[in-house]
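# Chains, contacts and geometry: an overview
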Amino acid sequence: MPKILLIEDDGLMSRMYGRLFTLAGYETQIAEDGEAGFVKAKEFQPDLILLDVMMPKMNGLEALQKLKEDERTRNIIVVLLTNLGIQEKLDEATQLGAAAIITKSNHQPEEIVKMIADLLSKKNLNKVDQV
């Protein structure tokens, strides 16, 4: 079962996406900020991380940089899930190694789950109910 780590400081969003990914057949864990997410990524070793940008303690770009610098987490797929639309920050995320950037407000949550499933399937990581 593919594993997803959601790093999101908004409790409502994290619970909603956590539930959607669990129902879609993923083992899902949640971290409430970049610091906690970095620690959890090393322990949980997810196949994919959904990372918010604007968070307390360590923002998403700082967390992304740490994830890509650490040999234990550098090969994990990281997708930014944000409402931040500042092109300069999005370009920075791409340079730091983000596999994709998804703007929350442009997509329904179910669409985002499908986008993540498609991204994981490209890496030969299929959900449990797919062959």
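Residues numbered from 1 in each chain as written. Predicted model: local features only at pLDDT ≥ 70, side-chain atom pairs only at ≥ 80, totals over all residues. Heavy atoms only, no water.

### Quick look at the confidence of the model for the protein chain
Put simply, the rule reads: The predictor attaches a confidence to each residue, and that confidence, scored 0 to 100, is pLDDT. A contact between two residues is defined here by any heavy atoms of the two lying within 4.5 Å.
Looking at the protein chain as a whole, the pLDDT averages 87, with 89% of positions reaching at least 70. Overall, residues 125-131 carries pLDDT values under 50, and its contacts beyond four positions in sequence, including any with other chains, amount to ten contacts.

### As for helix H2 (residues 34-44)
Residue pairs three or four apart in sequence face the same way in an α-helix, which turns once every 3.6 residues. Definition in use: Burial classes follow relative accessibility: with a 1.4 Å probe on protein chains only, a residue under 20% of its type's maximum area counts as buried, one over 50% as exposed, and anything between as partly exposed. In DSSP terms, a helix is any run of H or I states spanning at least four residues, a strand is any run of E spanning at least two, and both are numbered starting from the N terminus. Directions are taken from the helix axis to each C-beta atom, and the arc is the one they span. As used in this structure description, the phrase polar contact means that two N or O atoms lie within 3.5 Å; if the pair is within protein, one of them must be able to donate a hydrogen and the other to accept it, and residues adjacent in sequence are counted only when both atoms belong to side chains.
Listing the buried residues of H2 in full gives Gly 34, Gly 37, Phe 38, Ala 41 and Phe 44. Across the axial projection of H2, the buried residues extend over an arc of 145 degrees, all falling on one side. Between the side-chain oxygen of the N-cap and the backbone nitrogen of Glu 35 there are 2.9 Å, and the N-cap of H2 in question is Asp 33. In the stretch just after H2, Gln 45 is the one whose phi turns positive, near 50 degrees.

### Side note on the sheet that holds strand E1 (residues 3-7)
Worth spelling out the cut-off: DSSP calls a pair of strands paired once it identifies at least 2 bridges connecting them. Only the contacting stretch of a helix is used when fitting its axis, a line to C-alpha atoms as for every element, and angles between N-to-C directions run 0 to 180 degrees.
In space, the five strands of this open sheet follow the order E2-E1-E3-E4-E5, with parallel pairing throughout. The open sheet has two edge strands, strand E2 (27-31) and strand E5 (100-103), and neither has a second partner. Along the sheet, successive strands turn relative to each other by an average axial angle of 20 degrees, direction set aside. Note: E1 against E2, five bridges, orientation parallel. Bridging across to E2, Leu 5 finds its partner in Gln 29. Docked against the sheet, helix H1 (residues 11-23) engages E1, E2, strand E3 (48-51) and strand E4 (77-82), running at close to 170 degrees with respect to E2. The strands touched by H2 are E1, E2 and E3; relative to E1, the strand with the most contacts, the crossing angle is about 165 degrees.

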